[in-house]
Amino acid sequence: MNKELRKAVIAGNWKMNKTRPEAKTLIEELKPVAEKATCEVVICVPYTNLETAVELTKGTNIKVGAENVHFEKSGAFTGEISADMLTEIGVEYVIIGHSERRQYYGETDETVNKRTKAALAAGLKPIVCVGELLWERECNITEEVIARQIKLDLYDVSAEDVQKTIIAYEPVWAIGTGKTATSEQAEEVCGFIRETLAKLYGKEVADSVTIQYGGSMNPKNAAELLAQPDVDGGLIGGASLKAADFGVLLDAATNG
Ligand code: 13P
């Protein structure tokens, strides 16, 4: 992390976990744990928990995010939620283009780009996920894959808006597998993302963008990953579902 240039952001991605009573319990446990964190603390929760999360985190330093958003303002899009519907209830962040959306629901760079622009237009802060498959890493095309995703996902996004956007580097082979990227691998790709942003927007803008690492980040490996200069935080799956574990990550981002 380089805290002089940008804010560290630790965001939990709860995925499809926690009923409302379970969510209430976890949020109550998170409040004291997050209290002293100097990094930005975000929990991205299922749609059914958003209002509860916004309500319960009022007056705390915990911000609430959704896990997806549609790009149209309204219309015949069964099962989708618009950006205005999220901002209306006090949601501030939204994850876009998570690999699980790309893998299971046909999300493409084109729809990621549309969703990102719709989120920004509504005043949401997007957390745009990029990352290579294991096969792509083995074929030595990680940088090509990442550069393509960055260019397409941020197509037509202004320099001003990109500074409100968080990029999450999540190597697909490290998600939920217990296989973390080494801190060198994480830094290599997060640094490459910053170089790509610098080519598109200039160094000053690129230096101000928060780039997270995600993929089996946990209490044991967080400090080392967050010590890397271009790793400005984490997007956390499994470890965000236990307050004590999430607390260790917040401490690592606060003290690192
Ligand atoms: P895990 O931390 O469970 O590997 O999940 C990472 C992730 O997908 C966060 O978006």
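Residues numbered from 1 in each chain as written. Predicted model: local features only at pLDDT ≥ 70, side-chain atom pairs only at ≥ 80, totals over all residues. Heavy atoms only, no water.

A. Spatial organisation of the pattern of salt bridges. Taken as a whole, this structure holds 20 salt bridges when the rule is applied. One salt bridge connects arginine 101 with glutamate 107, and the closest N-O pair in it is separated by 3.9 Å. Owing to a relative accessible area of 23%, arginine 101 belongs among the partly exposed residues under this scheme. (Salt bridge = Lys/Arg side-chain N within 4 Å of Asp/Glu carboxyl O. Buried < 20%, exposed > 50% of the residue type's maximum accessible area, 1.4 Å probe, protein only.)

B. Representation of a negative patch on the surface in the model. A cluster of acidic side chains, namely Glu143, Glu144, Glu188 and Glu195, defines a negative patch on the protein surface. At the level of secondary structure, the elements contributing two or more residues to the negative patch comprise α7 (142-153) and α9 (183-201). Summarising the element assignment, glutamate 195 is placed in helix α9. (Patch = residues over 30% accessible without salt bridge, like charges linked within 9 Å, V, L, I, M, F, W, Y side chains within 5 Å. Areas by Shrake-Rupley, 256 points an atom, 1.4 Å probe, with all protein chains shown as cover. Lys, Arg positive; Asp, Glu negative; His and termini not counted. Charge placed at Lys NZ, Arg CZ, Asp CG, Glu CD. Helix = DSSP H or I, 4+ residues; strand = E, 2+ residues; numbered from the N terminus.)

C. View of the state of the cysteines. By the definition in use, this model includes zero disulfides. Between cysteine 39, a cysteine without a disulfide, and cysteine 44, which holds the nearest cysteine sulfur, the sulfur-to-sulfur distance is 14 Å. Of the cysteine sulfurs around cysteine 190, a residue in no disulfide, the closest is that of cysteine 129, at 12 Å. Take cysteine 190: its relative accessible area is 0%, and that puts it in the buried class. (Disulfide = S-S within 2.5 Å.)

D. Molecular detail of the packing of α7 against α9. Two elements in contact, α7 and α9, have axes separated by 10 Å at closest approach and are oriented at 45 degrees. With respect to α9, the element α7 is oriented oblique. The crossing of α7 and α9 is right-handed. Where α7 abuts α9, its residues Thr142, Glu143, Ile146, Ala147, Ile150 and Lys151 lie against Val189, Phe192, Ile193, Thr196, Leu197 and Leu200. Across the contact of α7 with α9, the residue classes break down as eight nonpolar, two polar and two charged. (Axes fitted to C-alpha atoms, helices over the stretch in contact; angles between N-to-C directions. Parallel < 35°, antiparallel > 145°, perpendicular 65-115°, else oblique. Left-handed = near helix turned anticlockwise from the far one by under 90°. Contact = heavy atoms within 4.5 Å. Nonpolar A, V, L, I, M, F, W, Y, C, P; charged D, E, K, R; others polar.)

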